[in-house]
Structures are given as structure tokens and as C-alpha cells.
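# Report on the structure
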Amino acid sequence: MYRYDHYDQSIVDARVDEFRDQVTRRLSGQLTEDQFKPIRLMNGLYLQLHAYMLRVAIPYGTLDSRQMRMLGSIARDHDRGYGHFTTRQNLQFNWIKLEETPDILAKLATVEMHAIQTSGNCIRNISSDQFAGAAADEVADPRPWAELIRQWSTFHPEFSYLPRKFKIAVIAADEDRAAMRLHDIGIQLVERDGLLGARIYVGGGMGRTPMIAPLIRDFVAADDLMSYLEAALRVYNRYGRRDNIYKARIKILVHEIGADAYRAQVEEEFAAVKQLGLDPPAAELARITAMFAAPPFDPAAPAEIDRTDPDFALWLDQNVRAHKAPGYSIVTISLKPVGGIPGDATADQIDLVADLAERHSFDELRVTHAQNLVLPHVRTSDLHAIWQQLADAGLAEPNLDLATDIIACPGLDYCSLANARSIPLAQKLSERLAPVQHNLGELKMKISGCINACGHHHAGHIGILGVDKKGTENYQLSFGGSGAEDVSLAKITGPGFDEDGVVDAVERATDTYRTLREPGERFLDTYRRVGMQPFKEAIYG
Amino acid sequence: MKLLTGNDLATGDVTWWTGSGWSRHVEDAADVGADGEAIARAEEGARRVNVPYVIDAAATPDGPRPAHIKDRIRALGPTVRPDLTLKPADPQAGSWVI
Ligand code: SF4
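Counting starts from 1 at the beginning of each chain's written sequence and moves along it residue by residue. Here the convention is simple: chains get letters from A, ligands get numbers from 1, in the order in which they are written. Reporting in this predicted model follows two pLDDT cut-offs: at least 70 for local features of residues, and 80 or more for side-chain atom pairs to be given and counted; totals over whole chains, interfaces and linings ignore these cut-offs and use all residues. Excluding hydrogens and water, the side-chain values take into account all heavy atoms of the structure.

Helices and strands together make up the secondary structure of chain A, namely 17 helices and 20 strands. In terms of C-alpha radius of gyration, chain A reaches 23 Å, essentially the compact-globule figure of 24 Å for 541 residues. Principal-axis analysis of the C-alpha atoms gives chain A an extent of 60 × 60 × 60 Å. Accessible area is worked out with a 1.4 Å probe on protein chains only. A residue is then buried under 20% of its type maximum, exposed over 50%, and partly exposed in between. Across the 541 residues of chain A, 62% fall into the buried class. Two residues form a contact once any of their heavy atoms are found within 4.5 Å. Residue pairs at least 24 apart in sequence account for 67% of intrachain contacts in chain A once pairs closer than 6 positions are excluded. When the accessible area of chain A is evaluated, it comes to approximately 19600 Å², of which 51% is carbon and sulfur surface. We count a stretch as a helix when DSSP gives it H or I for four or more residues in a row; a strand needs E for two or more, and each element gets its number in order from the N terminus. We take the radius of gyration over the C-alpha atoms and set the globule estimate at 2.2 Å times the residue count to the 0.38 power. Areas reported as accessible are Shrake-Rupley estimates using a 1.4 Å probe. Residue values count occlusion only from the protein chains shown.

Pasting the structure below:
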């Protein structure tokens, strides 16, 4: 894992001191809310429905037990005993007091964490593959590159006031576990003729105008990656619209001028930027990469596993994936208990996962964009013991990628931008579909409480968007989205429903799928084969 | 009726104008009539509230009921965590929101 050097630490410490002073001035009246709001947002502090909300950055979703324990301790001491893991691989605290925020940020700084750039029109936390460094299918570990981009984008003077927020994902496998093409820039590391480089997609995103990022460059050598990103951002910074917030994201620019014109502009800029020597010297890249070296796996670790306990076997089949090292496994810890709140974890659960990471996963854990946690490097022979501890803590739901593994944003229960609640709907759907979920196979359901699409509903095999219909909550249903390598945007089925109505409609759709599916098909495959009509008939009669 | 609501500056707690001060309980909220904006400006200036705004509400036997679901959820707390609402002991409290 990356460790802060003197520069990283002093930047973060200085920011805490600065914000402490700003909070003092706000509380004493020297700063008005209008003056203070952009400052607190730059430090990840929102004002939500019930309280201030603090969004803590978890760079590329990677953290260690010390950091995780600190999150648990903040949840206990400054919040109400829990935190919410988000689709941006971050963590949000829902009940923060402004007067305590400087102390919270100071505590985070002691474990190399912060909330900088988790809001505002800047480059946000970099997201990545939660299986990075553990998956057999990657051409390289994407995290050193994600870290490099983090350093480059932190307080980047030119890109601190972009037309709009900017999200970058880095992956290094053909299987896309990070919804890469639904980012402003999606980077896939690839190898060509023995040379590491990247395929660059620009202009994806969800929100009001969902778009799949087109391929802008098929290969840029890794040595030139930072220059290329600088060029891609510069073109956006210059031409991205600032007059209309709904047209300000880079996806609109790329769409309006066209991928070819955007590409040509970036190439021209790239030629100029390359002369500036922005790419890191080899020694710096080596320093960063060394911190992501593979842990000392035991080559003699046994691979056998006792599957006699059927509950354990079910969890193994659903939540455990093959690791690149023999005798090791990747464990996904579901934060989706049936009927529970997607992504929420109590301070005790956070502590337990920290302990398990320390003892069993070389002190590493990950947050996924699907709001689950991962122990990336577990000895296969430890799986049973881990499963038992998770089960005791309510963390062993065997439902990864099944119908109850629902992504849901905080919605109207917490979020001031929401039109409808997401969580109660997720809970009802989870309870309704739990009895059949293993028969349904992979089914990714995603719920957002407003058009901003934090719940990734456009990318749901089944997506649900909450809207406000004359003061009451209403839900638009859509089918056929995917955030994976078979990326697609979901299509609306027809008129919306109330909460119970949408639960019934989803059940009718999954029943229809069960009658129509061919062997090996997921809901998404059946939908793609037969189209919307049979589902529409089942839902609307 | 019209209510004035906002958040406490230091803690972020949802608060309601009672006619003489601020309460966390919507039951205590007073009808501000046409005076909401003026009270809001004065109170915000004195830092006794943050981001105040006026809402419509209905007077009911149980006290004021905000017209919009968003403000009813603000008044009660998250419907999915009854233990964290202002009425943790009342299992029916959530139905007030809908
Ligand atoms: S999608 Fe809307 S309601 Fe949900 S968290 Fe994002 S802004 Fe809030």
C-alpha cells in the first residue's frame, strides 16, 4: 500500500489547520454561509437533511486496518455508530457536527486519510478495480497508476475549478469491475508488444444525461500517461461549458463536438504537453510501484477446502473468487444483509473487518463501487474461520452480484437533493427476492433517489430512479443496463410506480425472465435477446 | 400555515422556529405567517440558525405537519433508522412521514 511521504503528510496536515481556522471563523460569524459553503465542500463537508455529512476519501478503494479502525472510531465517537460506504468507494458519515469536524479531519490525517476533493468541481477520488493486485486477469496492478493520478490531481492548480466535477477510473483487466466506461475518463491498462500502456475512454457518466465513454485513444504508452491526461483535461477546461450546469460535464463536450474533434484537440495539446516533462521520473514511479509490491504469499499454502457445511459452501461459491496466487482467495464481504441498508456498516463491523484484514489479508482491504468490502489476499485454508466470524457479525450474506446485492444511494432518508427514498425500496426488494435470488443468477439492481444517479441506476440490469410526482414518491423502472465490460445503458420500461408497485413490477419481470431464460443466461442476457416487449406485457398487462 | 426551519450552525441539527427561539421538535413550531423571511435573516445574522427557509405546513391536532415529504423526513429523522429518529419509542412514527 502507498504510504505518505513528508510532502503528502504536510499537505494534509496544513489543510486540517487551515480548515480549523475557517471553521472557527464561521462559528464566530466572520464568515457567512455563502463564503463558507465552498470551503467546507472542498473539505468533503455537506449539509444534508439531518446534519452535516462528511465524505472521506478512500483512494482507489484501498485501505489498511489502521485506517479502517479509525473510521470505526470516528463512527463511534463523532457519529451515531455507523458509516455508509458509497458507489465512489468512499465512506460517508451522516451525523457530523461542524464544531467537531476539524478534530475528525485531524484524526484522519494521523492515518493518512482526508476528505479533500470529495466534493467540488475538481478531480475526485480515483476509483479502481477492487481486486487490483489479487486478480489473475490484470496486466499490471492499476493502483500505482491510480496513486500517481491521485498525486497529480491533488490541488492541481489548473484543474481545481473545472467546469464540473471529474471522475477517473483505472483498471487493468478486460473484466471491468469498476464501471470504467461510465467515468469522465476511463483508463484501461493494456500491454502491447511487451509495452505497458493505456486505452483511454473519455466522456462517460451517469446523471441526467447518461453516456458511455467512447474510445479516444487506443494506446498511450504508460510513460506518457500523465501528459496525455493533462492534455485531455486541458481541452475540457478550455471548452467545457460553464454557463449551464447541466451541460458542463466532459461527456457533453465530447458528445457535442464529437469524439473525433475532441481527439484531435487532445492530440494537439498532447504534443505540446509532452515537451513539459510532466511524466514522473522513473525513480518516482519505482518508489510508488514498490509500495504496491505483492505481499509475501506462501507458495506452499494449501488449496484444499472442506465444503461439507452447506452454508459455508454457498458463501464460497457466491462471495469468494480465485486469487492469482495458489492457495489464496479473494473474499467479498457483503454489506447487503437481506432487508438491510445497502452499504451501511456499524463501528463494530468496521472494527471486525479491520481485524480480519490485519490477521488474514496482509493488512489490506478494499471498498467496491457496489458498496461491499473485500479482503483481497486470504489464505484459502483460513476461509472457514473468516466466514464464521463474518456470520456472527451479520456480514456473511452469500449474495454477491445476486438480486439482493442492491446498490442504493442514501436517497430521501438522508440526501438533500433527493426526490424519493431509495433505501426502503431496496429493503423491500431484497426481502421479496431473497427466496429466489439463487435461482435468478447474476442480477444487478441499482437504485437512485434522484436524477444524479449516485445509485448507478442507468447501469443496473434492473435500474430504478426515484422521482417526485406532485409531492409523492414515484419510481421509474428500467432494464438492460450494465456497468461491466458489456457496458450498456438501461431503458425505461414505461410509466412509473409507487413503492409497492415497483416491487411487484420487478417481481413480475423476474418471473418472466425465469420462464424465458435459456440455459446459462442472466436476466440481462435474456432481456437483450428477447427485448423489452415480453417484460412490458408482464408488468403493465 | 408557514413554518421556518433550518439547521443549527454548530451541530447541524434540524431546528424549527418556535416564535421565540429554536426547537428540534416540529411540534413546537410556530406559524410565522408573512414574517418568515425577516425572522430568517435576523436569526441567520445572529448565527442562531444556518440556511433557514420557510415551508408550507398543515395545522393538525398533533401539531404542524410539513407539506413536503422532505421536510417531514427532516422533522422525524431517517425512516429507515427508527432508532435514530426523534421518536425512537414510537413504532408508528414513520407512518407520519408518508
Ligand atoms: S442520486 Fe440523488 S438522492 Fe441519491 S445520493 Fe445522489 S444526489 Fe442524493
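Moving on to the packing of aromatic side chains. Geometry of aromatic contacts follows a simple scheme: Phe, Tyr and Trp rings, the Trp one being its six-membered ring, pair when their centres are within 6.5 Å, and the pair is stacked under 30 degrees between planes, edge-to-face over 60, tilted otherwise. Overall, the coordinates contain 18 aromatic pairs over all chains when judged by the stated rule. Judged by centre distance (5.4 Å) and plane angle (55°), the ring pair of Phe-523 of chain A and Phe-535 of chain A falls under tilted. Remark: Phe-535 of chain A occurs in helix α17 (residues 533-540) and Phe-523 of chain A occurs in helix α16 (residues 523-530); sequence separation between them is 12 residues. Using a relative accessible area of 0% as the deciding quantity, one classes Phe-523 of chain A as buried. Residue classification places Phe-535 of chain A among the buried residues on the basis of a relative accessible area of 0%. Ring plane angle 45° and centroid distance 6.1 Å describe the contact between Tyr-527 of chain A and Phe-535 of chain A, whose orientation is recorded as tilted. Comparing Tyr-527 of chain A with Phe-535 of chain A, the two get one shared label, buried. These aromatic residues form a ring-pair network of at least three members: Phe-479, Tyr-513, Phe-523, Tyr-527 and Phe-535 of chain A. Residue placement shows Arg-208 of chain A over the ring face of Tyr-246 of chain A; its charged tip is 4.0 Å from the ring centre. Two thresholds decide whether a charge sits over a ring: the Lys NZ or Arg CZ must be within 6 Å of the ring centre and within 35 degrees of the ring normal. Taking the ring centre of Tyr-82 of chain A as reference, the NZ or CZ of Arg-81 of chain B above it sits at 4.5 Å.

It is worth spelling out the packing of helix α15 (residues 499-516) of chain A against α16 of chain A at this point. All names here are of chain A. Axis geometry follows a simple rule: fit a line to the C-alpha atoms, using only the stretch in contact for helices, then measure angles between N-to-C directions, giving values from 0 to 180 degrees. Orientation of α15 relative to α16, taken along the N-to-C sense of each, is 75°, at an axis distance of 10 Å. Between α15 and α16, the angle falls in the class roughly perpendicular. Contacts between α15 and α16 pair Ala-509, Tyr-513 and Leu-516 from the former with Phe-523, Thr-526, Arg-529 and Val-530 from the latter. Looking at the contact of α15 with α16 residue by residue, the classes come out as five nonpolar, one polar and one charged. In what follows, roughly perpendicular refers to angles from 65 to 115 degrees, roughly parallel to angles under 35, roughly antiparallel to angles over 145, and oblique to any angle outside these ranges. When residues are sorted by character, Ala, Val, Leu, Ile, Met, Phe, Trp, Tyr, Cys and Pro go into the nonpolar class, Asp, Glu, Lys and Arg into the charged class, and all the rest, Gly among them, into the polar class.

Residue and element names in this part refer to chain A. The phi angle at Asp-401 is positive, at roughly 65°, despite the residue not being glycine. Within the secondary structure, Asp-401 sits in the loop between α12 (383-392) and β16 (407-408). Within the chain, His-456 stands out as a residue other than glycine whose phi angle is a positive 55°. Within the secondary structure layout, His-456 lies in the loop between β17 (445-448) and β18 (462-469). Overall, the relative accessible area of 9% leaves His-456 in the buried class.

Now for the side chain of His-461 of chain A. With respect to the helices and strands, His-461 of chain A occurs in the loop between β17 and β18. The contacts of His-461 of chain A, once residues within four sequence positions are left out, are Glu-442, Leu-443, Lys-444, Ser-478, Phe-479, Gly-480, Gly-481, Arg-522, Phe-523 and Leu-524 of chain A.

A word on the interface of chain B and chain A. Frequently, the measure chosen for interface size is the accessible area removed from exposure when the parts meet. Taken together, the contacts link 25 residues of chain B with 32 residues of chain A. Of the roughly 2300 Å² buried between chain B and chain A, counting both surfaces, carbon and sulfur atoms make up 57%. Any N or O atom pair separated by 3.5 Å or less is treated as a polar contact, with the protein-specific requirement of one donor-capable and one acceptor-capable atom, and with residues adjacent in sequence counted only for side-chain atom pairs. Viewed at the interface, chain A and chain B are joined by 14 residue pairs in polar contact (both at pLDDT 80 or more). Listed by contribution, the elements that provide at least two residues to the side of chain B that touches chain A are β4 (50-60) and α2 (69-76) of chain B. Among the elements that line the side of chain B that touches chain A, the one with the most residues is α2 of chain B, at four residues. Residue composition of the side of chain B that touches chain A, by class: 10 nonpolar, seven polar and eight charged. Defined here as a combined quantity, buried area equals the accessible surface (1.4 Å probe) lost by two parts on assembly, summed across both.

Here we take up the environment of Ser-23 of chain B. Residues and elements named next belong to chain B. Within the element layout of this structure, Ser-23 appears in strand β3 (residues 22-23). Taking C-alpha positions, Ser-23 is 9.8 Å from Asp-8, a pair spaced 15 residues apart along the chain. Those residues within four positions of Ser-23 in sequence are excluded, and the remaining contacts are Val-14, Thr-15, Trp-16, Thr-18 and Asp-28. Only 2.9 Å separates the side chain of Ser-23 from the backbone nitrogen of His-25, close enough to count as a polar contact.

It is worth spelling out the nonpolar core at this point. Residues and elements named next belong to chain A. Met-68, Leu-71, Leu-108, Ile-185, Ile-187, Tyr-262 and Leu-375 are the most contacted members of the largest nonpolar core, which totals 103 residues. The leading source of residues in this core is helix α6 (residues 225-239), at nine residues. Other than its neighbours up to four places away in sequence, Ile-187 contacts Ile-149, Ile-168, Ala-169, Val-170, Ile-171, Met-180, Ala-198, Arg-199, Ile-200 and Leu-229. To form a nonpolar core, buried Ala, Val, Leu, Ile, Met, Phe, Trp, Tyr and Cys residues must be joined to one another through side-chain atoms within 4.5 Å. In terms of nonpolar packing, the next biggest core, distinct from the first, is built from 29 residues, Ile-406, Leu-425, Tyr-475 and Ala-509 among them.

This part covers the state of the cysteines. All names here are of chain A. Cysteine sulfurs are considered disulfide-paired once they come within 2.5 Å of each other. Within this structure, the stated rule accounts for zero disulfides over all chains. Here Cys-122 stays unpaired: no disulfide links it, and the sulfur of Cys-454, its closest cysteine neighbor, is 15 Å away. Assessed through its relative accessible area of 7%, Cys-122 is described here as buried.

So, about the sheet that holds strand β5 (residues 63-66) of chain B. All names here are of chain B. Any two strands with at least two DSSP bridges between them are considered paired. With antiparallel pairing, five strands are arranged side by side in an open sheet as β3-β2-β1-β4-β5. Edge strands, defined here as strands with exactly one partner in the open sheet, are β3 and β5. One ladder, built from two bridges, connects strand β2 (residues 14-17) with β3; its direction is antiparallel. Its bridge partner being in β3, Trp-17 is matched across the sheet by Trp-22. Here helix α1 (residues 36-45) sits on the sheet in contact with β1 (2-7), β2, β3 and β4, set at roughly 140° to β4.

Residue and element names in this part refer to chain A. Relative to the assigned elements, Asp-355 resides in helix α11 (residues 347-360). By relative accessible area, Asp-355 is classed as partly exposed at 27%. In the structure, Asp-355 is positioned 290 residues away from Ser-65 in sequence and 6.6 Å away in space, judged by C-alpha atoms.

Residue and element names in this part refer to chain A. Residue ranges labeled as domains rest on an automatic or database domain assignment. One can read the domain layout of chain A as domain 1 (6-109), domain 2 (134-290), domain 3 (310-392) and domain 4 (407-540). With 12 residues of domain 3 at the contact, the number on the domain 4 side is 11 residues. Across the domain 3 to domain 4 interface the summed buried area is about 910 Å²; carbon plus sulfur atoms make up 61%. Salt bridges, as used here, are contacts in which a Lys or Arg side-chain nitrogen is within 4 Å of a carboxyl oxygen on Asp or Glu. Taken together, domain 3 and domain 4 are joined by zero salt bridges. Residue composition of the side of domain 3 that touches domain 4, grouped by class: six nonpolar, five polar and one charged.

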